[in-house]
Amino acid sequence: MKTIAILFSICFISGLCGLVYASDAERYFDNQNAYRAKFYGTVERIPQGIYGTWIVNGKEIFVNKDTLLKEEHGKADIGAYVEVKGIYSGKTFTAYKIEVKRDKNRARLYGIIESLPSGIVGVWVVNGKEILITKDTYIDEEHGKVAIGAYIEIKGSYSGKVFTAGKIYVKRATKFDSEYRK
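All values derive from a computational prediction rather than experimental measurement.

(A) Structural view of the pairing of strand S12 (residues 151–159). Two strands pair when backbone bridges link them, and strand S8 (residues 106–115) and S12 are joined in this way by seven bridges, in the antiparallel orientation. Counterpart to Ala-107 in the pairing with S12 is Gly-156. Judged from the nine bridges that link them, S12 and strand S13 (residues 162–172) form a sheet pairing that is antiparallel. Looking at S13, one finds that Ile-154 is bridged to Ile-168. Two successive antiparallel strands, S12 and S13, enclose a turn made up of two residues, where Gly-160 displays a positive phi of approximately 70 degrees.

The structure is reproduced here in structure tokens:
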């Protein structure tokens, strides 16, 4: 009984001390109408270079030279699943730490391009699977051009049943390319 009373007292005192947890971020209020927050998400956009405004899960994140980037589990790039810690001040969120995490929804696929939309952006079919290509998808054509029949590697992530490509690497040109003619 004494243990329950002590536990209840600790919980009550902790509640009075203002420990507040939001559903998507831990928040700690300071004296300047700003607060610290932490959230997880997928990097959707990064500016040229590394500094500037990033988009993570639709949120604008300001990254500057003081932001610590931890890339132990991958590169901080489009499609990376990250933990972002920073400070909200007004409508501005400035990150002081971005850490790449392992994402159970991330995957790497290999296959032959079976169909393409009229432009690059849109839905591709690779080995019978639909792959969503956005304007932010990085495409490396060092070893061949994107074309039906090209063998590619796709790095991306699932959101439900939709696979969105973050990076595409053409691994081998199409069978019609002169490099593969006999």
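(B) Broad picture of the side chain of Glu-99. Tracing the chain through its elements places Glu-99 in strand S7 (residues 92–100). Reaching out from Glu-99, the side chain makes a polar contact with the side chain of Lys-101 at a distance of 3.4 Å. Look past the residues within four positions of Glu-99 in its chain and what remains in contact with it is Lys-70, Tyr-81, Val-82 and Glu-83.

(C) Structural view of the packing of aromatic side chains. Overall, the coordinates contain seven aromatic pairs when judged by the stated rule. Centroid distance Tyr-40 to Tyr-81: 6.3 Å. Interplanar angle 20 degrees. Geometry classified as stacked. Taken together, the positions of Tyr-40 in strand S2 (residues 34–45) and Tyr-81 in strand S6 (residues 81–89) put the pair 41 residues apart, joining distant regions of the chain. Summarising the aromatic geometry, the rings of Tyr-88 and Phe-93 are spaced 4.6 Å apart at their centres and angled 65 degrees between planes, so their arrangement reads as edge-to-face. Classification of Phe-93 by relative accessible area gives buried; the value is 2%. Members of the aromatic cluster, connected to one another through ring pairs, are Tyr-35, Phe-39, Tyr-88 and Phe-93. A cation over an aromatic ring shows up here: Lys-59 above the ring of Phe-39, its NZ or CZ 4.2 Å from the ring centre.

Reading the values: the criteria
- Residues numbered from 1 in each chain as written.
- Predicted model: local features only at pLDDT ≥ 70, side-chain atom pairs only at ≥ 80, totals over all residues.
- Heavy atoms only, no water.
- Pairing = 2+ DSSP bridges.
- Helix = DSSP H or I, 4+ residues; strand = E, 2+ residues; numbered from the N terminus.
- Polar contact = N/O pair within 3.5 Å; in protein donor to acceptor, adjacent residues only side chain to side chain.
- Contact = heavy atoms within 4.5 Å.
- Phe/Tyr/Trp six-rings, centres within 6.5 Å; stacked < 30°, edge-to-face > 60°.
- Buried < 20%, exposed > 50% of the residue type's maximum accessible area, 1.4 Å probe, protein only.
- Lys NZ or Arg CZ within 6 Å of the ring centre and 35° of its normal.

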